[in-house]
Amino acid sequence: MLVIVLSVVDLIVCIALIAAVLAQSGRGGGLSGSFGGSDTAFFGKGNDIDTVMSKATIVLGAVFGIVTLVLAKISI
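Now for a quick tour of the structure. Only a predicted model underlies this, so the values are computations on that prediction, with no experimental measurement involved.

## Some details on the overall build of the chain
Across its full length, the chain carries three helices and zero strands. Order of helices (α) and strands (β) in the chain, N terminus to C terminus: α-α-α. For the chain, buried positions account for 16% of its 76 residues. A separation of at least 24 residues holds for 89% of the contacts in the chain among residues at least 6 apart in sequence.

## Re a nonpolar patch on the surface
On the surface, Leu 2, Val 3, Ile 66, Val 70 and Ile 74 cluster together into a nonpolar patch covering about 410 Å² of accessible area. Every element with two or more residues in the nonpolar patch is listed here: helix H1 (2-23) and helix H3 (48-75). Looking at which element gives the most residues to the nonpolar patch, the answer is H3, with three residues. Position of Ile 74 relative to the elements: it lies in helix H3. Its relative accessible area of 36% is what places Ile 74 among the partly exposed residues.

## A look at the environment of Ala 72
When you line up the elements, Ala 72 lands in helix H3. Considering only alpha carbons, one finds Ala 72 and Val 3, 69 residues apart in sequence, at a separation of 9.6 Å.

## Notes on H1
For H1, with 22 residues, the first-to-last C-alpha span of 31 Å sits near the 32 Å given by 1.5 Å per residue. Among all positions in H1, only Leu 6, Asp 10, Val 13, Leu 17 and Ala 20 are buried. Buried residues along H1 cover an arc of 90 degrees about the axis, so they all sit on one side. Away from its buried face, by an angle of more than 90 degrees, H1 presents the exposed residues Ile 4, Leu 11, Ile 12, Ile 15 and Leu 22. In this structure, the buried residues of H1 make contact with H3.

Definitions and limits used
Residues numbered from 1 in each chain as written. Predicted model: local features only at pLDDT ≥ 70, side-chain atom pairs only at ≥ 80, totals over all residues. Heavy atoms only, no water. Helix = DSSP H or I, 4+ residues; strand = E, 2+ residues; numbered from the N terminus. Buried < 20%, exposed > 50% of the residue type's maximum accessible area, 1.4 Å probe, protein only. Contact = heavy atoms within 4.5 Å. Patch = residues over 30% accessible without salt bridge, like charges linked within 9 Å, V, L, I, M, F, W, Y side chains within 5 Å. Areas by Shrake-Rupley, 256 points an atom, 1.4 Å probe, with all protein chains shown as cover. Salt bridge = Lys/Arg side-chain N within 4 Å of Asp/Glu carboxyl O. Expected span 1.5 Å × (residues − 1). Arc of directions from axis to C-beta.

Right, here's the structure in full:
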């Protein structure tokens, strides 16, 4: 019973994490932008929604990792 509940929670968190990552705006330049041109990626102030989505991604990623580890421990 607990495994089923945690599996459903894991699936919901997984879908929310995918949505949070896809809803973020691009930073432009990717890895090459971090070495060269775009200082706003590190020092600039982004939009409010970008900040919220960034924090939501971190929280959802942590929750997803914890729930997945608990599921793996219970399943063994």
